[in-house]
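# Structural description and commentary
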Amino acid sequence: PFVGVLLLLVVCVFFFVSGFSRMSFFVFILSGVLGLGVFLFPVVRDPLFPLLSGLFGLPALIFSFNAKKPVLVVASRGFAAIDFRLVIFGTVLGCFSVLLPALSPAFLAAFAFLFLENSSEAFLSLTGAILASKTFYDVVSAFVLHKARSGFAGFFLESSVGLGAVLAAGIFASCLAVLLVLFFGRRLSFFLDNKIKLLILCLVVAGVFAVNGFVGLFVLSVALLVGLLPLIYGFSRGSLVGSLIIPSLVYSFGLAGVFLI
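Residues numbered from 1 in each chain as written. Predicted model: local features only at pLDDT ≥ 70, side-chain atom pairs only at ≥ 80, totals over all residues. Heavy atoms only, no water.

This part takes up the overall build of the protein. A tally of regular secondary structure across the protein gives 11 helices and 0 strands. Along its sequence from the N terminus, the protein presents helices and strands in the succession α-α-α-α-α-α-α-α-α-α-α. Looking at the protein alone, contacts between residues at least 24 apart form 75% of all its contacts between residues at least 6 apart. Looking at charge distribution, the protein has the averaged site of its 14 positive side-chain charges lying 7 Å from that of its 7 negative ones. (Helix = DSSP H or I, 4+ residues; strand = E, 2+ residues; numbered from the N terminus. Contact = heavy atoms within 4.5 Å. Lys, Arg positive; Asp, Glu negative; His and termini not counted. Charge placed at Lys NZ, Arg CZ, Asp CG, Glu CD.)

Given below as structure tokens:
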């Protein structure tokens with residue numbers, strides 16, 4: 001019964017600590033209205049696909065066109081130092097992504113760095129811990145609470161595989177992914193030119209059309225316009241999480257019927 005109050009408290013703290021900005025708050029409300037529209041009215045079959053692709057995926061992809069390729073630097077001091085205090089902190093934060101709706105790992109990381117000193121090592125330590133923790137708790141919540149907070153957890157919730165097998169498969173897949181990134185990542189990063197980015201963009205648009213038709217493309221276009229605003233005006237993209245938080249608040253406080261009247 002207190003989920004809505006806690007979520008509202010998190011939002012208030014986020015805006016208070018980050019420094020209240022009219023434009024940031026406007027985008028938060030604007031993305032929230034868009035989220036309410038696609039969730040309350042079944043205009044598209046899979047609302048999250050065009051909504052999140054337009055708000056987060058395509059703007060980042062568009063702004064990466066003609067970006068300078070990274071300069072290959074070999075660190076002389078070996079591996080980056082890991083702050084285990086941040087790893088523990090990120091592990092605890094990851095469980096809140098399951099307990100409170102709409103708190104994605106990206107929002108949790110942005111929220112945490114309002115109180116922490118940001119650096120490349122700190123960013124890697126914290127975000128890596130949050131993502132790993134969220135994945136773990138997604139699976140645990142699927143088996144314990146019978147609620148899936150991700151597609152990964154939902155797949156195993158509908159299957160007959162045991163929790164131990166799921167966690168073992170997840171650990172194996174994570175280790176394999178790390179090895180592949182270490183081996184191929186540096187080589188492949190230099191092939192992400194504009195042609196590849198354009199191909200990815202076209203695949204996303206084609207996927208949205210295949211799943212949701214022209215209405216899905218309309219939602220994608222509107223979400224893209226909203227998603228470009230933080231990048232154009234230079235403020236945190238965390239405001240875009242309003243697309244999920246505001247519908248969650250409306251649902252938590254039982255106000256969905258008011259908007260449907």
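This part takes up the pattern of salt bridges. Using the criterion set out here, one finds 1 salt bridge in the structure. Of the charged contacts, one joins Lys134 and Asp138 as a salt bridge, the two residues approaching to 2.6 Å between their closest N and O atoms. With Lys134 and Asp138 both in helix α6 (residues 120-144) and 4 residues apart, the pair spans about one turn of that helix. The exposure class assigned to Lys134 is buried, which follows from its relative accessible area of 15%. (Salt bridge = Lys/Arg side-chain N within 4 Å of Asp/Glu carboxyl O. Buried < 20%, exposed > 50% of the residue type's maximum accessible area, 1.4 Å probe, protein only.)

In this section: the packing of helix α4 (residues 84-99) against α6. It is the contact of α4 with α6, at a shortest axis distance of 7 Å, that shows an interaxial angle of 40°. Of the possible angle classes, the one that applies to α4 and α6 is oblique. Crossing geometry of α4 relative to α6 is assigned as right-handed. Here α4 contributes Leu86, Val87, Phe89, Gly90, Thr91, Leu93, Gly94, Cys95, Ser97 and Val98 to the contact with α6, which in turn contributes Ala122, Ser125, Leu126, Ala129, Ile130, Ser133, Lys134, Tyr137, Asp138 and Ser141. Classifying every residue of the contact of α4 with α6 gives 11 nonpolar, 7 polar and 2 charged. (Axes fitted to C-alpha atoms, helices over the stretch in contact; angles between N-to-C directions. Parallel < 35°, antiparallel > 145°, perpendicular 65-115°, else oblique. Left-handed = near helix turned anticlockwise from the far one by under 90°. Nonpolar A, V, L, I, M, F, W, Y, C, P; charged D, E, K, R; others polar.)

Bringing the environment of Val219 into the picture now. Here Val219 lies in helix α9 (residues 194-233). You can call Val219 buried: its relative accessible area is 6%. If we ignore the near neighbours within four places in the chain, the residues touching Val219 are Val38, Val44, Pro50 and Leu51.

Turning to the side chain of Asn212, a few remarks are in order. Mapping Asn212 onto the fold places it in helix α9. Residue Asn212 is classed as buried on the basis of its relative accessible area of 10%. A distance of 2.9 Å separates a polar side-chain atom of Asn212 from the backbone nitrogen of Arg45. Every residue in contact with Asn212, bar those within four places of it in the chain, is listed here: Val44, Arg45, Asp46 and Pro50. (Polar contact = N/O pair within 3.5 Å; in protein donor to acceptor, adjacent residues only side chain to side chain.)

Spatial relationships are all this shows, so hold off on functional conclusions.
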